[in-house]
Amino acid sequence: MTSSQTHVVFGAGALGLEIARQLAESGATVRIATRSGTATVPGVEPVKADLADPDSAIAAASGTDVIYFCAAPPYQHWVRSFEALQEGAIAAAQRSGAVLVAAENLYGYGRAGALTEKLPLDARTRKGAVRARMSHRLFDAHAGGDIRAVSGRASDFFGPTVRQSALGDRFWPDLLASKPVNWFGDPDARHSFTYLPDFAAALITLGGAPAAWGRAWHVPCPETRTVREIATHAAALAGLAPPRFRRTPRFMLRLVGLAVPAAGEMVEMEYAFAEDFVVGQDDWNRQFNESATDWESALAATVKDWRLKLSDISAT
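All of the points below concern the structure found in this document. (Residues numbered from 1 in each chain as written. Predicted model: local features only at pLDDT ≥ 70, side-chain atom pairs only at ≥ 80, totals over all residues. Heavy atoms only, no water.)

## With respect to the overall build of the protein
Looking only at helices and strands, the protein features 12 helices and 15 strands. A compact globule built from 316 residues would reach a C-alpha radius of gyration of about 20 Å, and the protein, at 19 Å, matches this within 12%. Counting the 316 residues in the protein, one finds 54% classified as buried. Nonlocal contacts in the protein, meaning residues at least 24 apart in sequence, comprise 73% of its contacts between residues at least 6 apart. Only carbon and sulfur atoms are counted for the fraction: they give 51% of the accessible area of the protein, which is about 13,700 Å². Of the side chains in the protein, 32 bear a positive and 34 a negative charge, and the two mean positions are spaced by 4 Å. (Helix = DSSP H or I, 4+ residues; strand = E, 2+ residues; numbered from the N terminus. Rg over C-alpha atoms; globule rule 2.2 N^0.38 Å. Buried < 20%, exposed > 50% of the residue type's maximum accessible area, 1.4 Å probe, protein only. Contact = heavy atoms within 4.5 Å. Areas by Shrake-Rupley, 256 points an atom, 1.4 Å probe, with all protein chains shown as cover. Lys, Arg positive; Asp, Glu negative; His and termini not counted. Charge placed at Lys NZ, Arg CZ, Asp CG, Glu CD.)

Structure representation (structure tokens):
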């Protein structure tokens, strides 16, 4: 990546905003495209675009060198809407000639255990099958010469500004209030997590590394730990006693899902939290000289952010 390039980020969730922020701080020319056109990041131009409308996506990406596809529909609408959004990003990349950098996750593998990029994408869950189809479509377009593409696959991410995540708004408020932490799965299973600023930095790296294009990469994660170990470390940083856990049963998520559809969508992902879920990054380590942020630093920043957020809420 060079500062003379122009970048467009589709999506203003936590990841899209972090990519835009890092790019702007590097001196690059950056646009962030959303349906409202109101996303605000210092030094970044907001533009209005709807990925579901290819013409709109093409206009937003005109004259750019790198496109970051970080947009996603609401969790409960993945099956209905996600693939159409990627088609908009592909159309924008094809017309502009920009390399398309896709933010992916690990659902497409459809399994727990040890995960590497060599595994086939054969998920049988609804959301996993969507992710698998999207990844196949992305790299078929690359192989066919329609676009240049690369993707970074991250595990469940966490960090400052991350709210909707396993280590997000269902986790930190209880932990920081010394209440039992509700957890869907086994807190003593080992689970890889991705620190959000590391994910953003990895996608920027991939966009500027032509030798890496044409395939998916597992982005750096800090060493895999159990959720209980992570929570205990975070509690210690916050000056609190080790947390207690309360396992959230399936039927409870199904009930909550009647009012909050995104919660009900978690049920089919239980396998990822009920047993070890360990992400290998050997390919990344061989190719790039970038490692994950250590747990101490990542958790300290996350605890600080959540304490500020919760303090603001209590003051209102």
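## Some words on the nonpolar core
Among the nonpolar cores identified, the biggest contains 69 residues, and Phe10, Phe69 and Trp172 are the most heavily contacted of them. Per-element tally for this core: the top contributor is helix α3 (residues 78-96), with seven residues. Excluding residues within four positions of it along the chain, Phe10 makes contact with Ala33, Ala49, Leu51, Ala57, Ala60, Ala61, Ile67, Tyr68, Phe69, Cys70, Ala71 and Ala92. The next biggest cluster of nonpolar side chains, apart from the first, holds 35 residues, and it includes Val9, Val41, Cys70 and Leu206. (Core = buried A, V, L, I, M, F, W, Y, C linked by side-chain atoms within 4.5 Å.)

## With respect to unusual backbone geometry
Glycine aside, residues mostly have negative phi angles, and peptide bonds mostly take the trans form. With a phi angle near 80°, Thr161 is a residue other than glycine that sits in the positive phi range. Secondary-structure assignment places Thr161 in the loop between β8 (157-158) and α5 (172-176). Accessibility expressed as a relative area gives 44% for Thr161, which makes it partly exposed. Phi at Ser178 takes a positive value of approximately 60°, unusual for a residue other than glycine.

## Digging into the packing of helix α1 (residues 14-25) against helix α6 (residues 196-207)
Look at α1 against α6: their axes get within 9 Å of each other, and the N-to-C directions meet at 60°. The orientation of α1 with respect to α6, classified from their angle, is oblique. Relative to α6, α1 is oriented so that their crossing is right-handed. Between α1, through Ala14, Leu15, Glu18, Ile19, Gln22 and Leu23, and α6, the contact on the second element is made entirely by Leu196, Pro197, Phe199, Ala200, Ala201, Leu203 and Ile204. Residue composition of the contact of α1 with α6, by class: 11 nonpolar, one polar and one charged. (Axes fitted to C-alpha atoms, helices over the stretch in contact; angles between N-to-C directions. Parallel < 35°, antiparallel > 145°, perpendicular 65-115°, else oblique. Left-handed = near helix turned anticlockwise from the far one by under 90°. Nonpolar A, V, L, I, M, F, W, Y, C, P; charged D, E, K, R; others polar.)

## Let's talk about the pairing of strand β4 (residues 66-69)
Every second residue of β4 is oriented toward a common face, with Val66 and Tyr68 on one face and Ile67 and Phe69 on the other, all of them buried. Here strand β1 (residues 6-10) pairs with β4 via four bridges, running parallel. Residue pairing in the sheet places His7 in a bridge with Val66 of β4. Here β4 pairs with strand β5 (residues 99-104) via four bridges, running parallel. If you follow Phe69 over to β5, its bridge partner there is Ala102. As a crossover connection, the stretch from β4 through α3 into β5 is right-handed. (Pairing = 2+ DSSP bridges. Right-handed = clockwise from strand over helix to strand, strands pointing away.)

## A few points about empty space enclosed by the protein
It is the rolling of a water-molecule-sized probe over the atoms that shows where space remains empty. Per the counting criterion, the structure on display carries one cavity of 30 Å³ or more. The space that makes up the largest cavity amounts to roughly 50 Å³. In terms of residues, the lining of the largest cavity owes the most to one element, helix α4 (residues 126-143), which gives three residues. Across the lining of the largest cavity, the residue classes break down as four nonpolar, three polar and three charged. (1 Å grid on protein atoms, 1.4 Å probe; cavity = no way out; pocket = protein on both sides within 12 Å on 5 of 7 lines; lining within 4 Å. Points joined across faces, edges and corners; volume = space filled by probe spheres on them.)

## Considerations on the sheet that holds β1
If you trace the seven strands from one edge of the open sheet to the other, you get β3-β2-β1-β4-β5-β7-β12, paired in parallel fashion. If you trace the sheet from one side to the other, it starts and ends with β3 (45-48) and β12 (216-218), each paired once. Averaged over all adjacent pairs, the angle separating strand axes in this sheet is 20°, with direction ignored. In terms of strand pairing, β1 meets strand β2 (residues 29-34) through five bridges, oriented parallel. For His7, the partnering residue across the bridge sits in β2 and is Val30. Set on the sheet, α4 makes contact with β4, β5, β7 (148-153) and β12; between it and β7 the angle comes to about 150°. Against the sheet, α6 contacts β4, β5, β7 and β12, and its axis sits at roughly 155° relative to β5.

## Description of the packing of α3 against α4
Across the interface, α3 lies against α4 with an axial gap of 10 Å and an inter-helix angle of 15°. By the criterion of interaxial angle, the relationship of α3 to α4 is roughly parallel. By crossing handedness, the relation of α3 to α4 is classed as right-handed. Residues Trp78, Val79, Phe82, Glu83, Gln86, Glu87 and Ile90 of α3 lie in contact with α4, whose contacting residues are Arg126, Lys127, Val130, Arg131, Arg133, Met134, Arg137 and Leu138.

## Examining the pattern of salt bridges
Considering all chains together, one arrives at 15 salt bridges under this definition. Among the ionic pairs, Glu87 bridges to Arg137, the shortest N-O distance being 2.8 Å. Of the two residues, Glu87 sits in helix α3 while Arg137 sits in helix α4, which places them 50 residues apart along the sequence. Among the residues examined, Arg137 registers a relative accessible area of 32% and is labelled partly exposed. One salt bridge in this structure joins Arg225 and Glu223, with 3.7 Å as the shortest N-O distance. (Salt bridge = Lys/Arg side-chain N within 4 Å of Asp/Glu carboxyl O.)

Purely geometric numbers; function is a separate question.
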